[in-house]
Amino acid sequence: MKTKFTLIELLVVIAIIAILAAILLPALNQARDRAKSVNCAGNLKQTGVGTAMYSDDYQDWLPVYWTAQYAVAWKHDVGSYAVGSSIRDQNQSTYAGWYDPVWCSGIFRCPSFVDPSGGELSSTYRNYYRGGYGWNYNWAGFMENNSSRPRKKRQQMEKPSETILCGDAELPDRPELFPPSSSASSWPLLYYPGSGKIFGMRHRNAVNMTWGDMHVANISRIKIDTNSTYYWQFDK
């Protein structure tokens, strides 16, 4: 004689499934987040290789964040080596070039980054900050001939392994700036304590960074906040 599940037995089975799901889902989410963090580190490793190759070809000089020709010059210069020569042809001298998705895709896009503009490509949203990565503009170089934040050489880093060049970044913690304003506060700069807290804490309240010796490492928000601007400064 074929037996049937009673209502109580069915409820027990459902409860067991629910308990197992509650146990397993956090672990699966953590595994997914770790995988994204690993992919992010891979992107930044390629960025570091491109930065080193650029520096080798230009008498030890590092890229700068911005030039008159390129709105995100560091991506253009690094990408020429890390991605390929074809990226050199990308034009940033007009709005259309600035908002080209090439600057916020591939190795220039963190897998955990969520674009707050929803992919809008108009000038209202400064597309060239998207992708989630920023440059240490305040110490590594903002503009070619900027008196307060000039271009730097690698040899000027006293402790390269403890100096950040680029990595996870986003807008400062001002979510009301969507759509972003046209001011520098909405650009894809790598923020540091005192200039705006890092908002790119996408990897379990931590960030991945490319350091001066071109290694990639994860650093927690607590460690960054505790050490103020130490990891950004070239002189230590």
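Refer to the structure printed above.
Conventions used here
Residues numbered from 1 in each chain as written. Predicted model: local features only at pLDDT ≥ 70, side-chain atom pairs only at ≥ 80, totals over all residues. Heavy atoms only, no water. Pairing = 2+ DSSP bridges. Helix = DSSP H or I, 4+ residues; strand = E, 2+ residues; numbered from the N terminus. Axes fitted to C-alpha atoms, helices over the stretch in contact; angles between N-to-C directions. Contact = heavy atoms within 4.5 Å. Disulfide = S-S within 2.5 Å. Phe/Tyr/Trp six-rings, centres within 6.5 Å; stacked < 30°, edge-to-face > 60°. Buried < 20%, exposed > 50% of the residue type's maximum accessible area, 1.4 Å probe, protein only.

**Student:** Quick rundown of the sheet that holds strand β2 (residues 164–168)? Include the residues and the values.
**Tutor:** Pairing is antiparallel in the open sheet, where 4 strands are placed in the order β1-β2-β3-β4. A strand with exactly one partner marks an edge of an open sheet, and here the two such strands are β1 (133–135) and β4 (216–220). Taken pair by pair, the neighbouring strands of this sheet meet at an average axis angle of 30 degrees, ignoring direction. Pairing between β2 and strand β3 (residues 206–211): 3 bridges, direction antiparallel. Looking at the pairing, C166 lines up with T210 of β3. Contacting β1, β2, β3 and β4, helix α1 (residues 7–57) crosses the sheet at an angle of about 20 degrees to β3.

**Student:** Report on the state of the cysteines, specifying residues and quantitative values.
**Tutor:** Under the defined criterion, the tally for this structure stands at 0 disulfides. Here C40 is not cross-linked by a disulfide; its sulfur's nearest cysteine counterpart is in C110, at 3.9 Å.

**Student:** Can you lay out the packing of aromatic side chains for me, pointing to particular residues and giving the numbers?
**Tutor:** Summed over the entire model, instances satisfying the criterion amount to 8 aromatic pairs. Note on W74 and F108: the rings are 6.2 Å apart at their centroids and 80 degrees apart in plane angle, and the pair reads as edge-to-face. Taken together, the residues W74 in helix α2 (residues 73–82) and F108 in the loop between α3 (95–98) and β1 connect sequence positions 34 residues apart. By relative accessible area, which is 1% here, W74 ends up buried. The class for F108 is buried, based on a relative accessible area of 1%. Each ring, one from W211 and one from Y231, has its centre 5.6 Å from the other, and the planes form 85 degrees; the classification is edge-to-face. With W211 in strand β3 and Y231 in the segment after α5 (221–226), this residue pair connects regions lying 20 residues apart in the sequence. Residues W211 and Y231 agree in their burial class; the two are buried. An aromatic cluster of at least three residues, connected via ring pairs, comprises Y54, Y58 and Y81.

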